[in-house]
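# Architecture at a glance
Listed below, chain by chain, are the residues.
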Amino acid sequence: MQSPTDDIVSGIMGKWAAALSQLDAKALASLYSRNAFFFGSNPNFYRGRDGVQTYFEGLPRWQSPSVEFTDVRTAQAAADLINVAGTATFAVEEGAEPLVVKITWVIVREDGDWKIVSDHVSSKTPLLKQ
């Protein structure tokens, strides 16, 4: 059974995946806080909805991009704050190896709706041997 927090996160992830499949930068940006911090697949730092939209507008125009979120963990950190961690697997070109990354989001209640205020992806490939 999913918790209300899981339902909130699942809803945002569903909207995020649908907007990505259309490469709809405006719809993707609408899921983010006006104060968002965003680190995506390039080394640049983006800030706010305009920054997030700029990032997504700069992506290649793939034929049928998709994302699958797995191993998702959520924690209600405060009444208006949700912490999220998981894995995102992106398929961007038919026949190409998928891009698999670790993803963390912080989601905040803003103006009565839930918005991503921090988005960070990093490599699933270990950087250090342990």
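The rules behind each value
Residues numbered from 1 in each chain as written. Predicted model: local features only at pLDDT ≥ 70, side-chain atom pairs only at ≥ 80, totals over all residues. Heavy atoms only, no water. Phe/Tyr/Trp six-rings, centres within 6.5 Å; stacked < 30°, edge-to-face > 60°. Helix = DSSP H or I, 4+ residues; strand = E, 2+ residues; numbered from the N terminus. Core = buried A, V, L, I, M, F, W, Y, C linked by side-chain atoms within 4.5 Å. Buried < 20%, exposed > 50% of the residue type's maximum accessible area, 1.4 Å probe, protein only. Contact = heavy atoms within 4.5 Å. Expected span 1.5 Å × (residues − 1). Arc of directions from axis to C-beta. Patch = residues over 30% accessible without salt bridge, like charges linked within 9 Å, V, L, I, M, F, W, Y side chains within 5 Å. Areas by Shrake-Rupley, 256 points an atom, 1.4 Å probe, with all protein chains shown as cover. Salt bridge = Lys/Arg side-chain N within 4 Å of Asp/Glu carboxyl O.

## What about the packing of aromatic side chains?
With the rule as written, the count across this model stands at 13 aromatic pairs. Between Trp16 and Trp105, the aromatic rings sit 6.2 Å apart at their centres with planes inclined by 50°, giving tilted as the arrangement. Separated by 89 residues along the polypeptide, Trp16 in helix H1 (residues 4-21) and Trp105 in strand S5 (residues 99-110) bring together distant segments of the chain. Three or more aromatic residues link up through ring pairs in this structure, and these residues are Trp16, Tyr32, Phe38, Tyr46, Tyr55, Phe56, Phe69, Phe90 and Trp105.

## Some points on the environment of Ala77
Topologically, Ala77 is positioned in strand S3 (residues 66-78). In sequence terms Ala77 and Ile107 are 30 residues apart; their C-alpha atoms lie 9.7 Å from each other.

## Observations concerning the nonpolar core
Trp16, Tyr32, Phe56, Phe69, Trp105 and Ile107 are the most contacted members of the largest nonpolar core, which has 32 residues in total. For this core, the secondary-structure elements that each account for two or more residues are H1, helix H2 (25-29), strand S1 (32-39), helix H3 (48-57), S3, strand S4 (81-91), S5 and strand S6 (113-123). Ranked by the residues each element gives to this core, the list is headed by H1, at six residues. For Ile107, the contacting residues outside a window of four places in its chain are Val9, Ile12, Asp80, Leu81, Ile82, Val84, Trp114, Lys115, Ile116 and Val117.

## Some words on H1
The end-to-end C-alpha distance of H1, which contains 18 residues, comes to 26 Å, matching closely the 26 Å that a straight helix rising 1.5 Å per residue would cover. Taken as a whole, H1 has its buried residues at Thr5, Val9, Ile12, Met13, Trp16, Ala19 and Leu20. Axial view of H1: buried residues confined to an arc of 130°, hence all on one face. Exposed residues on H1 whose side chains face more than 90 degrees from its buried face are Pro4 and Lys15.

## Section: unusual backbone geometry
The backbone of Leu23 sits at a positive phi, close to 50°, despite the residue not being glycine. Assessed through its relative accessible area of 14%, Leu23 is described here as buried. The phi torsion at Asp111 lies on the positive side, around 55°, for a residue other than glycine. Among the secondary structure elements, Asp111 is positioned in the loop between S5 and S6.

## A closer look at a nonpolar patch on the surface
Where nonpolar side chains cluster on the molecular surface, the patch consists of Phe37, Phe39 and Phe45 and spans about 260 Å² of accessible area. Structurally, Phe45 is set in strand S2 (residues 45-47).

## A short note on the pattern of salt bridges
This structure, assessed with the given rule, holds five salt bridges. Ionic pairing is found between Glu110 and Arg49, a salt bridge with its closest N-O pair at 2.9 Å. In this pair, Glu110 sits in strand S5 while Arg49 sits in helix H3, placing the two residues 61 residues apart along the sequence. Residue classification places Glu110 among the buried positions, given a relative accessible area of 7%. Among the salt bridges present, the one from Arg109 reaches Asp80, with a minimum N-O distance of 2.7 Å.

## Describing H3
Those residues of H3 not exposed but buried are Gly48, Gly51, Val52, Tyr55 and Phe56. Looking down the long axis of H3, one finds its buried residues gathered within 135° of arc, a one-sided arrangement. Residues of H3 that are buried sit in contact with H1, H2, S1 and S2.

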